[in-house]
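One letter stands for each residue in the lines below.
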Amino acid sequence: NAGVTQTPKFQVLKTGQSMTLQCAQDMNHEYMSWYRQDPGMGLRLIHYSVGAGITDQGEVPNGYNVSRSTTEDFPLRLLSAAPSQTSVYFCASSYTRTGGMHTQYFGPGTRLTVL
Amino acid sequence: DQQVKQNSPSLSVQEGRISILNCDYTNSMFDYFLWYKKYPAEGPTFLISISSIKDKNEDGRFTVFLNKSAKHLSLHIVPSQPGDSAVYFCAASNYGQNFVFGPGTRLSALP
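These numbers come from a predicted model, not from an experiment.

Considering the overall build of chain A
Part 1 of the reasoning: Each helix and strand counted, chain A has 0 helices and 11 strands in total.
Part 2 of the reasoning: The order of helices and strands in chain A, counted from the N terminus, is β-β-β-β-β-β-β-β-β-β-β.
Part 3 of the reasoning: Relative to its length of 115 residues, chain A is compact, with a C-alpha radius of gyration of 13 Å against a globular reference of 13 Å.
Part 4 of the reasoning: Dimensions along the principal axes, computed over C-alpha positions, put chain A at roughly 40 × 30 × 25 Å.
Part 5 of the reasoning: Going through the 115 residues of chain A one by one, you find that 49% of them count as buried.
Part 6 of the reasoning: Sequence-distant contacts in chain A: of pairs separated by 6 or more residues, those separated by 24 or more amount to 54%.
Part 7 of the reasoning: Only carbon and sulfur atoms are counted for the fraction: they give 51% of the accessible area of chain A, which is about 5,300 Å².
Part 8 of the reasoning: In chain A, 8 positive and 7 negative side-chain charges are present, and the distance between their average locations comes to 10 Å.

Regarding the overall build of chain B
Part 1 of the reasoning: Of regular secondary structure, chain B possesses 0 helices and 11 strands.
Part 2 of the reasoning: Start at the N end of chain B and walk to the C end: the helices and strands fall as β-β-β-β-β-β-β-β-β-β-β.
Part 3 of the reasoning: When the backbone C-alpha atoms are referred to their principal axes, chain B occupies close to 40 × 25 × 20 Å.
Part 4 of the reasoning: Sorting the 111 residues of chain B into buried and exposed places 46% on the buried side.
Part 5 of the reasoning: Partitioning the intrachain contacts of chain B with sequence separation of at least 6 by distance along the chain shows that 53% fall at a separation of at least 24.
Part 6 of the reasoning: Here chain B has roughly 5,300 Å² of accessible surface; of this, 49% comes from carbon and sulfur atoms.
Part 7 of the reasoning: Between the centroid of the 10 positive side chains of chain B and the centroid of its 9 negative side chains there is a distance of 2 Å.

A word on the nonpolar core
Taken as a class, soluble globular proteins show a tendency for nonpolar side chains to be buried jointly.
Part 1 of the reasoning: Residues F33, W35, L73, L75, I77 and Y88 of chain B are the most contacted members of the largest nonpolar core, which totals 23 residues.
Part 2 of the reasoning: Mapped by element, the contributors of at least two residues to this core are strand 3 (19-25), strand 4 (32-38), strand 5 (45-51), strand 7 (62-67), strand 8 (72-77), strand 9 (86-93) and strand 11 (105-110) of chain B.
Part 3 of the reasoning: Sort the elements by how many residues they give to this core and strand 9 of chain B lands first, with 4 residues.
Part 4 of the reasoning: When neighbours within four sequence positions are excluded, L75 of chain B is seen to be in contact with S19, I20, L21, W35, L47, I48, F62, T63 and Y88 of chain B.
Part 5 of the reasoning: In terms of nonpolar packing, the next biggest core, distinct from the first, is built from 20 residues, L21, A81, C91 and L112 of chain A among them.

Remarks on the sheet that holds strand 3 of chain B
Residues and elements named next belong to chain B.
Part 1 of the reasoning: Reading across the sheet, the 5 strands line up as 1-3-8-7-6 and stay open at both edges, with antiparallel pairing between neighbours. Sheet topology places strand 1 (4-5) and strand 6 (56-59) at the edges, where each strand pairs with a single neighbour.
Part 2 of the reasoning: The sheet contact formed by strand 7 and strand 8 spans 6 bridges and is antiparallel. Of the residues in strand 8, the one forming a bridge with T63 is H76.

What about the side chain of T105 of chain B?
Residue and element names in this part refer to chain B.
Part 1 of the reasoning: Note that T105 resides in strand 11.
Part 2 of the reasoning: A distance of 2.7 Å separates a polar side-chain atom of T105 from the backbone oxygen of S8.
Part 3 of the reasoning: In this structure, T105 is in contact with Q6, S8, P9, S10, L11, L21, A86, V87 and Y88, ignoring residues within four places of it in sequence.

Regarding the layout of surface pockets
Part 1 of the reasoning: The computed volume of the largest pocket comes to approximately 640 Å³.
Part 2 of the reasoning: Contributing to the lining of the largest pocket are 32 residues, with Q37, V88 and R111 of chain A together with K38 and A41 of chain B lying nearest its centre.
Part 3 of the reasoning: Elements that contribute at least two residues to the lining of the largest pocket include exactly strand 4 (31-38), strand 9 (87-94) and strand 11 (110-114) of chain A together with strand 9 and strand 11 of chain B.
Part 4 of the reasoning: Considering each element in turn, the lining of the largest pocket owes the most residues, 4 residues, to strand 11 of chain A.

A closer look at unusual backbone geometry
Part 1 of the reasoning: With an omega of -5°, the peptide bond between T7 of chain A and P8 of chain A qualifies as cis.
Part 2 of the reasoning: Going from V78 of chain B to P79 of chain B, the amide bond is cis rather than trans, its omega being -10°.
Part 3 of the reasoning: By the secondary structure assignment, P79 of chain B is in the loop between strand 8 and strand 9.
Part 4 of the reasoning: Unusually for a residue other than glycine, A41 of chain B sits at a positive phi of about 65°.
Part 5 of the reasoning: Relative to the helices and strands, A41 of chain B resides in the loop between strand 4 and strand 5.
Part 6 of the reasoning: The exposed category is assigned to A41 of chain B, whose relative accessible area is 70%.
Part 7 of the reasoning: The phi torsion at K71 of chain B lies on the positive side, around 50°, for a residue other than glycine.

Analysis parameters
- Residues numbered from 1 in each chain as written.
- Chains lettered and ligands numbered in written order.
- Predicted model: local features only at pLDDT ≥ 70, side-chain atom pairs only at ≥ 80, totals over all residues.
- Heavy atoms only, no water.
- Helix = DSSP H or I, 4+ residues; strand = E, 2+ residues; numbered from the N terminus.
- Rg over C-alpha atoms; globule rule 2.2 N^0.38 Å.
- Buried < 20%, exposed > 50% of the residue type's maximum accessible area, 1.4 Å probe, protein only.
- Contact = heavy atoms within 4.5 Å.
- Areas by Shrake-Rupley, 256 points an atom, 1.4 Å probe, with all protein chains shown as cover.
- Lys, Arg positive; Asp, Glu negative; His and termini not counted.
- Charge placed at Lys NZ, Arg CZ, Asp CG, Glu CD.
- Core = buried A, V, L, I, M, F, W, Y, C linked by side-chain atoms within 4.5 Å.
- Pairing = 2+ DSSP bridges.
- Polar contact = N/O pair within 3.5 Å; in protein donor to acceptor, adjacent residues only side chain to side chain.
- 1 Å grid on protein atoms, 1.4 Å probe; cavity = no way out; pocket = protein on both sides within 12 Å on 5 of 7 lines; lining within 4 Å.
- Points joined across faces, edges and corners; volume = space filled by probe spheres on them.

Shown next as structure tokens:
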């Protein structure tokens, strides 16, 4: 199993550009999520999905879109990049959000810089 | 306002000694807690968990203690090893809801 994979590892964008961060998992997990990590802020939830075709907003969704057309893939789109979106982005997956008794598996992260 | 706090941004400990990492939370509805460990340029990896029906959970060198009345949990690493040097995140969840993460504590276990 590859686990959770993310591409690219690094990306530099100019303000106003758009891009898609890719995330895939091969563990047949229902629940997938995107976080951003900023210094002193920990991991903050951007968007999440409890299954194919179902997505919802997390704590900091503005400026980001997601879709979940398959169980395996959960891409994150930045429609018009802003310097405030400079961060490290992590994708995670787990069997289920409900019940509390689950473990999230994280990808290696994408370091994004917006100039 | 942060619901999960880790008030020590960093901690240094000598190899072989005990490391104690602390976490406080404000939401009394949280009932499940996790600790994650993160090395540079990698994603966080799950370390240990505890539910609110317990006050202690052990896994090898790692023990998590939960004090619900104080809304406080701690992670004990005994004995500390240089490979334990990493950032440790505390996370909390209300049953069926998404996890909320603390800002992390950077542990340096010195040889």
